[in-house]
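Structure assessment
Spelled out from the first residue to the last, the chains are:
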Amino acid sequence: MNKRSWETWLFSTAGVAAMFVILLGLNVVLARFKQRVDLTADKAYTLSPGTRAVLSRLDTPVTIRFYCSRLDTATPETVFLRNYARRVEDLLEEFREAAGGKLRIEKLDPQPDSDAEDSARLDGVEAQVLPTGDRFYLGLTVSLLDSRAAIPFLAPTRERLLEYDIVRAITRVIKPEKPVVGIMSPLPVFGGPSPVLPMGPRNQEPWAAVTELQTDFDVRRVEMNVEKIDDDLQLLILIHPRDISEKTQYAIDQFLMRGGKLVAFLDPVSLADSRQQGNLPFSVPGAPSNLEKLLTAWGLKFDTTKVVADLNFKMQLVGQRNQLVEAPAFLNLSRQGMNPEDPVTSELGPVWLPLCGAFSGTPVEGLKQTVLLKSSPESQLVEAFMAHLNGENILKEFRSSGKEHALAIRLTGKFKTAFPDGPPGGDTNQVASLRESQKETAVVLVGDSDLLYDRFAIRELNSPFGILRMPANANLTFLQNVVEQMAGEMDLIAVRSRAIPSRPFTRIQKMQAAAQERYQAEIKKLEDSLAETQRRLNELQQQKEPGQRFILSPEQQEEIARFRQQEARTREELKRVRKEFRREIDALQTRVQWTNILAMPLVVSLSGLAIAVYRRKRTSAQ
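What you are looking at is a predicted structure, and each value in this text was computed from that prediction instead of being measured.

Description of the sheet that holds strand 18 (residues 351-354)
The three strands are arranged 16-17-18 in an open sheet whose pairing can be described as antiparallel. Two strands bound the open sheet, and with one partner strand each, they are strand 16 (314-318) and strand 18. With strand direction ignored, the average angle separating the axes of adjacent strands in the sheet is 55 degrees. One ladder, built from four bridges, connects strand 17 (residues 324-333) with strand 18; its direction is antiparallel. Of the residues in strand 18, the one forming a bridge with L331 is L353.

Considering the packing of helix 6 (residues 208-216) against helix 12 (residues 475-486)
What describes two packed helices is the angle between their axes and the distance between those same axes. Where helix 6 contacts helix 12, the axes come no closer than 10 Å and their chain directions differ by 40 degrees. As the angle between them shows, helix 6 and helix 12 are arranged oblique. With respect to the hand of their crossing, helix 6 and helix 12 are arranged in right-handed fashion. Of helix 12, the residues touching helix 6 (which contributes A208, A209, E212, L213 and D216) are L476, L479, Q480, V483 and E484. For the contact of helix 6 with helix 12, a count of residues per class yields six nonpolar, one polar and three charged.

Details of the pattern of salt bridges
Enumeration according to the criterion identifies 22 salt bridges in this entry. One salt bridge connects E106 with R104, and the closest N-O pair in it is separated by 2.8 Å. For E106, a relative accessible area of 24% corresponds to the partly exposed category. Note on R104: relative accessible area 46%, which makes it partly exposed. Measuring nitrogen to oxygen at the nearest pair gives 3.3 Å for the salt bridge that ties R168 to D216. With R168 in helix 5 (residues 162-174) and D216 in helix 6, the pair connects residues that are 48 residues apart, well separated along the chain.

Looking at the packing of helix 5 against helix 6
Interhelical geometry of helix 5 versus helix 6 gives an angle of 45 degrees and a closest axis separation of 10 Å. In terms of their interaxial angle, helix 5 and helix 6 are classed as oblique. Across from Y164, R168 and R172 in helix 5, the residues of helix 6 making contact are E212, T215 and D216. Tallied by class, the residues present in the contact of helix 5 with helix 6 amount to one nonpolar, one polar and four charged.

A few points about the packing of aromatic side chains
What the rule picks out here adds up to five aromatic pairs. Their ring planes at 75 degrees and their centres at 5.4 Å tell us that W298 and F415 sit as a pair that is edge-to-face. Pair noted here: W298 is in helix 8 (residues 292-298) and F415 is in the loop between strand 22 (406-413) and strand 23 (441-446), with a separation of 117 residues, a long-range link. As far as burial versus exposure is concerned, W298 and F415 are alike and both buried. Judged by centre distance (6.3 Å) and plane angle (55 degrees), the rings of Y453 and F456 are tilted. No difference in accessibility class separates Y453 from F456, as the two residues are buried. Every member of this aromatic cluster is reached through a ring pair, and the members are W207, Y453 and F456.

Points about the environment of E227
Checked against the element boundaries, E227 lands in the loop between strand 9 (218-221) and strand 10 (235-239). Residue class for E227 comes out partly exposed when judged on its relative accessible area of 43%. With 22 residues separating them in the primary sequence, E227 and Q249 have C-alpha atoms 8.5 Å apart.

So, the nonpolar core
Ranked by internal contacts, the top residues of the largest apolar core, which has 66 residues, are I237, F265 and F478. Here this core gets six residues from one element, more than from any other, and that element is helix 12.

Digging into helix 2 (residues 49-56)
Working note: α-helix, 3.6 residues per turn, so residues spaced by three or four point in the same direction. Of all the positions in helix 2, only G50, T51, V54 and L55 are classed as buried. Burial along helix 2 is one-sided: seen end-on, the buried residues are contained in an arc of 135 degrees. Turned more than 90 degrees away from the buried face of helix 2, the exposed residues are P49 and S56.

Re the pairing of strand 1 (residues 62-68)
Along any regular strand the residues' side chains alternate between the sheet's two faces. Counting buried residues along strand 1, six of its seven residues qualify, which places the element largely inside the surrounding structure. Taken together, the six bridges between strand 1 and strand 2 (residues 103-108) define a ladder with parallel strand orientation. Counterpart to T63 in the pairing with strand 2 is R104. Running through helix 3 (residues 76-98), the crossover from strand 1 to the neighbouring parallel element strand 2 is right-handed.

Calculation criteria
Residues numbered from 1 in each chain as written. Predicted model: local features only at pLDDT ≥ 70, side-chain atom pairs only at ≥ 80, totals over all residues. Heavy atoms only, no water. Pairing = 2+ DSSP bridges. Helix = DSSP H or I, 4+ residues; strand = E, 2+ residues; numbered from the N terminus. Axes fitted to C-alpha atoms, helices over the stretch in contact; angles between N-to-C directions. Parallel < 35°, antiparallel > 145°, perpendicular 65-115°, else oblique. Left-handed = near helix turned anticlockwise from the far one by under 90°. Contact = heavy atoms within 4.5 Å. Nonpolar A, V, L, I, M, F, W, Y, C, P; charged D, E, K, R; others polar. Salt bridge = Lys/Arg side-chain N within 4 Å of Asp/Glu carboxyl O. Buried < 20%, exposed > 50% of the residue type's maximum accessible area, 1.4 Å probe, protein only. Phe/Tyr/Trp six-rings, centres within 6.5 Å; stacked < 30°, edge-to-face > 60°. Core = buried A, V, L, I, M, F, W, Y, C linked by side-chain atoms within 4.5 Å. Arc of directions from axis to C-beta. Right-handed = clockwise from strand over helix to strand, strands pointing away.

Spelled out as structure tokens, the structure:
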């Protein structure tokens, strides 16, 4: 070995050893400082500002008892749950650090017949029986003085909601009293007989929207024929108030005048209220819902004969033959359809709005309007009943309005009564009517009620722990955000909103919408030409003279032949245009797939080649 080779080997070995010592020292030093770096786009693994705000307000120590079984078995279920439990512990550690000494974490292993197991039972933490027969505890309790809130089981399916669940438990012990919320609806939202099933009445569970609200609020049922809203209600929620009377609208009006708040889910076509009639192959929706008297007084309109169709937010549904069909009036709203500045929608995931109506008009003086949900400019208003039956006809005749339609809005300010002449019917026995709200209040109006229906809000999965009901989208999150904001609790909104992430390919959606609109106009023109040709053929067939039942004149035969050729050419042209449209969409999808597959390896390869060329030039220069 020559001297130069020996020196190279020595320096390389010494360099590796020195780097090892440096890294080891850095690891020892940095291990004392617990800091996580979150590189995800929506900061899914960083405590949200709402969480930090709640923890910063703690003025009395809060204790969290975390119960987790440390089983020695290594079945797939126990391994999965242990890994999940570690992530829960990491999150709790972040909570403790952010609370600045006001949060204590106690970790307990409830082994069989142990004091920890007795403590878990007293705290309301429940064991889950695994397929192996083992009992696995994974829950926690939050306590502050005499107040206590428990999460009996931290279900892995709610991991994206884990931060919210813990913060909600903390706020529950900080403020034990729950805001009082009333729900008014003709639908069985609280459970009971279902009008939807064709085989007759059958009991059903309460809607998930109601059970979720009951966790955080004192939820009360308000009858549809009520003539006065209780004074202790802070918020009233209307869900598809079809056939609402003027007396009930007057009760709502006076509730607002007294400072109450309102959230109304109206609907031009309620699928939750649909019924099967006779031998029809489709269900018939019930009456639409509106608050025409109140909306008119506020300067707004809600057309119950129209729904919004949108090429950018359209959904794909399963047809009668299990094929996917385009449904432009069934909206899947992404971030582009939400208000990025409002806490309710700033970090919201996808929201499904089946057959949603739109609000128009300008609020009267004294009211401020904020649009929460909206359509894209590539949208139009279409007939509600036809949109319920068939989405293909909407695509064929689609004409973009070029404007954004308001799907959900919030009005704030001092409201003036919609009944300046007093209660309807001239009831003079009632207390004198209020003409203006005593203080600033708020109303949220949503153009769809089906977004709260279980069919469109949740999905059920079979698991070793039974049937799990999981959010299918952010519909319930939207409801909870609105209610929490209206009931006065703002800090939880930023926490909950991150539960359902959505990163749609917005550029691809716009390119597909543009291509569809371009080709759809040509397809519609050809279809109209084909229909006109067929009409002319039918007219020629009917122009036979008496006695010429089976005989046509040479002129008629020539004209019919010409029209049949035109019909054949039109059909071929229509087939060609449709094929080109499908080819362009397929090519777009293929380009995106190959870009995703090849882009990163290509960047790495080019970077490697550039570095190699640079090093060679540098070596040659030496």
